[in-house]
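# Results of the structural survey
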Amino acid sequence: MTYTPKDATPATAAANRAAVSRYDMDDRQDFADADRGLIAPFPDRLYGTDGRVLFDPARFDYLAEDAPPPDTVNPSLWRQSQLIRKGGLYKVVDGLYQVRNNDIANLTVVEGEDGLVVIDCMAAVESARQAMDMIREHVSDKPVSAVIYTHTHIDHYGGVKGVVDPADVASGKVPIIAPGTLASFDKHALGENVIVGNAMSRRAAYAFGGLLDLNASGCVSCGIGITSVPGVTISYISPTDSITRTGTTRDLAGLTFEFLYAPDTEAPEEMHIWIPELAALTCAENANHSLHNIQTLRGARTRDARNFARYLDETLERWGDQAQVHYGPHTWPVWGNDGVVTLLESQRDTYKYIHDQALRLANKGWTPLEAAEEIELPEEPGRKWFNRGYHGTLHHDVRAVFTKELGMWDGDPVSLHPHPPVETARRFVVLIGADRILAEGRRAFEAADYRWTAQILHPLVFAEPGNEAARHLQADAYEQLGYQAEGPQWRGIYLTAAKELREGVQPAPFATASSDTVLAMPIDILFDFAAVHLAGDKAADADLRVDFRFTDLDETWTMWVRRGVLNARRGASPETLLTVSGPKPALAGVLLRPVTAARLARDGAITLDGDPSVLETYGGLLDEFDPDFPIVTP
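In every chain, residue numbers begin from 1 and rise along the written sequence. Confidence filtering applies because this is a predicted model: local features only for residues at pLDDT of at least 70, side-chain atom pairs given and counted only at 80 or more, and all residues used for totals across whole chains, interfaces and linings. Side-chain figures throughout are based on the complete set of non-hydrogen atoms in the structure, without hydrogens or water.

## Section: the overall build of the chain
Helix and strand counts for the chain come out as 24 helices and 21 strands. Taken over C-alpha atoms, the radius of gyration comes to 26 Å for the chain, in line with the 26 Å a tight globule of 634 residues would show. On the principal axes, the C-alpha backbone points of the chain span a range of 70 × 70 × 55 Å. Burial classes: relative accessible area under 20% of the type maximum marks a residue as buried, over 50% as exposed, and values in between as partly exposed (1.4 Å probe, protein chains only). Here the chain holds 634 residues, and the buried ones make up 57% of them. What makes two residues a contact is simply this: any of their non-hydrogen atoms within 4.5 Å. Long-range pairs, those at least 24 residues apart, make up 72% of the contacts in the chain with a sequence separation of at least 6. Only carbon and sulfur atoms are counted for the fraction: they give 50% of the accessible area of the chain, which is about 25700 Å². Under the convention used here, Asp and Glu are negative, Lys and Arg are positive, and both His and the chain ends fall outside the count. Note that the charge is assigned to NZ on lysines, CZ on arginines, CG on aspartates and CD on glutamates. For the chain, the centre of its 59 positive side-chain charges and the centre of its 89 negative side-chain charges are spaced 3 Å apart. For helices the rule is a DSSP run of H or I covering at least 4 residues; for strands it is a run of E covering at least 2, with both sets numbered from the N terminus onward. C-alpha atoms define the radius of gyration, and 2.2 Å times the number of residues to the power 0.38 defines the globule rule. Only the protein chains shown count as cover for residues, and the accessible areas themselves come from Shrake-Rupley with a 1.4 Å probe.

## What about the packing of aromatic side chains?
Stacked, tilted and edge-to-face pairs are distinguished by plane angle, under 30 degrees for stacked and over 60 for edge-to-face with tilted covering the rest, among Phe, Tyr and Trp rings (Trp via its six-membered ring) whose centres lie within 6.5 Å. By the definition in use, this model includes 15 aromatic pairs. A centroid spacing of 4.5 Å and a plane angle of 40° characterise the contact between Phe308 and Tyr351, whose relative ring orientation is tilted. You can see Phe308 sitting in helix H9 (residues 305-319) and its partner Tyr351 sitting in helix H10 (residues 337-363), a full 43 residues away along the chain. Considered together, Phe308 and Tyr351 belong to a single accessibility category, that of buried residues. Ring geometry for Phe527 versus Trp557: centroids 5.7 Å apart, planes at 25°, classification stacked.

## Examining the sheet that holds strand S9 (residues 176-179)
The pairing criterion for strands is at least two bridges between them, as found by DSSP. Read from one edge of the open sheet, 8 strands run S1-S4-S5-S6-S7-S8-S9-S10, paired in mixed fashion. Here the strands that pair on one side only, and so sit at the sheet edges, are strand S1 (38-40) and strand S10 (241-243). Within this sheet the neighbouring strands show an average axis-to-axis angle of 25°, counted without direction. Of the pairings in the sheet, the one linking strand S5 (residues 96-100) to strand S6 (residues 107-111) comprises 4 bridges and is antiparallel in character. Note on S6: the bridge partner recorded for Tyr97 is Val109. Here the axes come from fitting lines to C-alpha atoms, over the contacting stretch only for helices, and the angles between their N-to-C directions go from 0 to 180 degrees.

## Re the pattern of salt bridges
Between Lys or Arg on one side and Asp or Glu on the other, a salt bridge is scored when a side-chain nitrogen of the former is within 4 Å of a carboxyl oxygen of the latter. Evaluated as defined, the whole model comprises 32 salt bridges. The closest approach of N and O atoms between Asp356 and Lys352, which form a salt bridge, is 2.7 Å. You can see Asp356 and its partner Lys352 sitting in helix H10, 4 residues apart, about one turn around the helix. With relative accessibility at 28%, the residue Asp356 sits in the partly exposed group. One salt bridge in this structure joins Lys499 and Glu503, with 3.1 Å as the shortest N-O distance. Taken together, the residues span about one helical turn, with Lys499 and Glu503 both in helix H18 (residues 488-503) at a distance of 4 residues. Both residues of the pair, Lys499 and Glu503, count as buried. Where salt bridges share partners, they join Lys6, Asp476, Glu479 and Arg502 into one cluster.

## Some words on a negative patch on the surface
Nonpolar side chains (Val, Leu, Ile, Met, Phe, Trp, Tyr) within 5 Å and like charges within 9 Å form the patches, drawn only from residues with over 30% relative accessible area and no salt bridge. A cluster of acidic residues, Glu113, Asp114, Asp251 and Glu277, forms a negative patch on the protein surface. Locating Asp251 in the fold gives a position in strand S11 (residues 249-252). The exposed category is assigned to Asp251, whose relative accessible area is 61%.

## Things to note about the sheet that holds strand S19 (residues 565-570)
In space, the 5 strands of this open sheet follow the order S19-S18-S17-S20-S21, with mixed pairing throughout. Strands at the two margins of the open sheet, each flanked by one partner only, are S19 and strand S21 (607-610). Along the sheet, successive strands turn relative to each other by an average axial angle of 20°, direction set aside. With 6 bridges connecting them, strand S18 (residues 555-562) and S19 associate as antiparallel partners. Residue pairing in the sheet places Trp557 in a bridge with Arg570 of S19. Contacts from helix H20 (residues 523-531) reach strand S17 (543-550), S18 and S19 within the one sheet, and its direction differs from that of S18 by about 20°. Its contacts with the sheet place helix H22 (residues 584-592) against S17, S18 and strand S20 (578-582), and it is angled at close to 165° to S17.

## Thoughts on a nonpolar patch on the surface
The grouping of Met408, Trp409 and Leu416 at the surface amounts to a nonpolar patch, some 380 Å² of accessible area in total. In this fold, Met408 is placed in the loop between helix H13 (394-406) and helix H14 (421-432). The exposure class of Met408 is exposed, given its relative accessible area of 74%.

## Here's the deal with helix H15 (residues 434-446)
An α-helical turn contains 3.6 residues, so any two residues separated by three or four positions project in the same direction. Expected span, for any helix, means 1.5 Å times one less than how many residues it has. Relative to the 18 Å expected for 13 residues at 1.5 Å per residue, H15 spans 18 Å between its end C-alpha atoms, a close match to the ideal helical length. By the burial criterion, the buried members of H15 are Ala434, Ile437, Leu438, Gly441, Ala444 and Phe445. Projected down its long axis, H15 carries its buried residues within an arc of 125°, all on one side. Along H15, exposed side chains directed more than 90 degrees from the buried face belong to Asp435, Arg436 and Glu446. In this structure, the buried side of H15 is in contact with H14, helix H16 (450-463) and helix H17 (468-484). Positioned one or two residues after H15, Ala448 has a phi angle of 65°, which is positive. Along the arc lie the directions from the helix axis toward the C-beta atoms.

In structure tokens form, the structure reads like this:
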């Protein structure tokens, strides 16, 4: 089944025209800055190793700089997307270059005396490889001297194998520098993106528009990057050099890199970088041409808005009077000391305002949703383009502060132990009646009350998922909400909801739990990944133990399942029922898909010493994760 998105209603068109008054549309400085320093546009489309087109810049030609905002896109988001469309290789300052917008994130290269230092590696190997090819053609063919990950998110390390040969990292020739201890960085990078990766990937497909067409009725951009490119290769190499203290320096390719350690901000492990010889500063994702998430809609640990402000202020204190350019892993740079200081001070105060005002209202007894409906930024920061909600939004950031400081309960007893969604929906339908709910939904839609339309129809869709009239009307409401949304993730969620209500669940465009990232997991996290696959009810009475001998690492771990829980620790156990020996990639396969053990043993990839039937028992306790689980229907 396919459908053509509907037009904006007159009410939506009017709402988007009226929104213009909220924005400083005459401020065009960002357009000049986004163009500044262009060395070369992308030479071609981005291809996969199999010849498939992964990314084609021409698909965004409808975002031409002189194109007026259509009725189906909020004018602020349209402007931001026009800026994001600008892509290619750019000179930021002498010795510092960026490749922007063939991926959701940037790749930054610092050219030193005898090598290149790469800061963040994009999300995909293919994107990063194209970026490095452009660097080598137009800037320098010097070898990579070091790689720096600014933080633990996948779009900043996923392309690393397009930048550096893993053998050069393993030999110590090329260090990978990252914030936090090496174990902590691995834990958060892989734990966040892989252990809960199936849920995160599904939610991210909604938020980043991965299931939508690229046009004015679908995905126009991701707000901080052009798009999340589907079908790419995501890689990982563990860091080798940790930064855990502010003021730590490294001499890389003849230049000084000074670090400010900023944990528990935009990522659990994050850092800012100062290069004094270039007067160049990055605050990673703690300062952007967008308000950031305090709680991501794709799903992640809730962040500390107060820490955003705290570390931005510390950065200003250390380098604020010296910085001449601020470059980031997303969007375009800011030049000039006045511009840099204005950005950092305004974003510092914006995050602190959100934090302080949310908790002020919490202390007055307001609930998260009530506070989010009330709080607005003051006029001066609110009209700054870089404080607009192109990644986080003010509304869901306020609610996230409540979550961070007060937890999941909103303080209302009715939300403490409600019936689950389907049971609640059925009771509403029995009480009110399907026809009356549908009639109220139609009335609300005609009145352009699209929030209430979606809300009142939710019980009917969940109680009667085959009710096509309810599904299509709710889809119509979500569609108009998406067209009006300034935040691209809100837009993506609403428009994807409309698409799946009309067409059914769409196949996943990507997964964060790639084979490369799974194989890169430290052994303890690998067992954690296996543990979340264990179906506790099935395993409640199980009692089994298996030793895993990792022959390539000279390590043995014992794993046991008891009381519905999978545990593991270093060392062999005299109580083991089976010992599986082999290299880590093969043992990872056995751990996550025990059915492969017999074939691997026949092929000589592993050896089995003991009772192999224990793996069959273990396999029967593991759950399967559907990457296409429903969201807008039960």
